[in-house]
Amino acid sequence: VGFACGIPAHGIFGVWRVFRAFAQDEILKVDYTASDGCGGMQFIGDALIRFASVTLTMGVLMAWYILHMPWLRSENVLVKVVLLLWIAWPFILSTFVLFIPCLAIHQALEKAKQREDARLQERINAIQLKIDNSSSPQPESLMRSYEHYMGRRAALYKMQTWPYDLTSKINYAGVLLINTGVTVVNVRKYWQNIAGTF
């Protein structure tokens, strides 16, 4: 777990910086025809799902340990606030890992999608103009070109700009449900002890 997340939470900040730099790289090419439906970026979503899952599980286990250990001044309000923070912190951190590093990728995919859409629309408009201005019967080559670009545009519209597929979402939802259940059991058992002096 320490290797996957980094011993301090600074490892998570490092991952965010790496993904942001990757998304802003000028040589990054988005392939909207990629089979993953995410412009060829689904591997990033898969990696972030794993990272968020490990972060959440690690945090919940640490919170479990913290709530089960006897602490000096455990009746102090500030100590209880820290205990409550440890209950919420894994979920906050996991949400950060899941969405914030991916935000730059999402924005890069959105911009690439808009640029490609404008380029395809320009080509389609030019072909439509040739077809409309043709005095002879519409040439088959123009119609084939028109259908080709319309097909490419349809493929572009299907491209998702968040690199998470259904399987990744289901996997993370499972991890989230299990860890939420563990947290609820943990908190219910020790809530009276935590809330005693509030």
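Note that the structure is a prediction, hence the values are computed from the model and not measured.

## Let's talk about the nonpolar core
I44, L48, L98, I105, Y164 and Y172 are the most contacted members of the largest nonpolar core, which totals 30 residues. At the level of secondary structure, the elements contributing two or more residues to this core comprise α2 (10–24), α3 (42–68), α4 (77–133) and α5 (140–158). Considering every element that reaches this core, the biggest residue donor is α4, with 12 residues. The residues contacting Y172, other than those within four sequence positions of it, are I49, A52, S53, L56, S94, T95 and L98. Core analysis: the second largest hydrophobic core is formed by five residues, I66, L67, L83 and I87 among them.

## Points about a nonpolar patch on the surface
Together, W64, I178, V182 and V185 make up an exposed nonpolar region whose accessible area comes to about 350 Å². Mapped onto the secondary structure, I178 falls in helix α6 (residues 166–195). Taking relative accessible area as the criterion, I178 reaches 59% and is therefore assigned exposed.

## Here we look at the pattern of salt bridges
According to the stated counting rule, one finds three salt bridges in the structure shown. A salt bridge links E116 to R119, with the nearest nitrogen and oxygen atoms 2.6 Å apart. With a gap of three residues between them, E116 and R119 both fall in helix α4, about one helical turn apart. The salt bridge partner of R153 is D117, with a shortest N-O separation of 2.8 Å. Note that R153 is positioned in helix α5 and D117 in helix α4, a separation of 36 residues in sequence. The exposure class of R153 is buried, given its relative accessible area of 15%. Among the charged side chains, a salt-bridge network with shared partners connects E116, R119 and R152.

## Regarding the packing of aromatic side chains
Tallied over the full model, the rule gives two aromatic pairs. A ring pair is formed by F99 and W162, whose centres lie 6.3 Å apart and whose planes are at 85 degrees; its orientation type is edge-to-face. Pair noted here: F99 is in helix α4 and W162 is in the loop between α5 and α6, with a separation of 63 residues, a long-range link. Residue classification places F99 among the partly exposed residues on the basis of a relative accessible area of 40%.

## Notes on the confidence of the model for the protein
Mean pLDDT over the protein stands at 82; residues scoring 70 or higher make up 87%. Note on residues 1–7: pLDDT is under 50 here. Beyond four places in sequence and across chains, it has 11 contacts.

## Concerning the packing of α3 against α4
Here α3 crosses α4 at 170 degrees, and the two axes come no closer than 8 Å. Looking at the two axes, α3 sits roughly antiparallel to α4. A class-by-class count of the residues in the contact of α3 with α4 yields 22 nonpolar, three polar and no charged.

Definitions and cut-offs
- Residues numbered from 1 in each chain as written.
- Predicted model: local features only at pLDDT ≥ 70, side-chain atom pairs only at ≥ 80, totals over all residues.
- Heavy atoms only, no water.
- Core = buried A, V, L, I, M, F, W, Y, C linked by side-chain atoms within 4.5 Å.
- Buried < 20%, exposed > 50% of the residue type's maximum accessible area, 1.4 Å probe, protein only.
- Helix = DSSP H or I, 4+ residues; strand = E, 2+ residues; numbered from the N terminus.
- Contact = heavy atoms within 4.5 Å.
- Patch = residues over 30% accessible without salt bridge, like charges linked within 9 Å, V, L, I, M, F, W, Y side chains within 5 Å.
- Areas by Shrake-Rupley, 256 points an atom, 1.4 Å probe, with all protein chains shown as cover.
- Salt bridge = Lys/Arg side-chain N within 4 Å of Asp/Glu carboxyl O.
- Phe/Tyr/Trp six-rings, centres within 6.5 Å; stacked < 30°, edge-to-face > 60°.
- pLDDT = per-residue confidence, 0-100.
- Axes fitted to C-alpha atoms, helices over the stretch in contact; angles between N-to-C directions.
- Parallel < 35°, antiparallel > 145°, perpendicular 65-115°, else oblique.
- Nonpolar A, V, L, I, M, F, W, Y, C, P; charged D, E, K, R; others polar.

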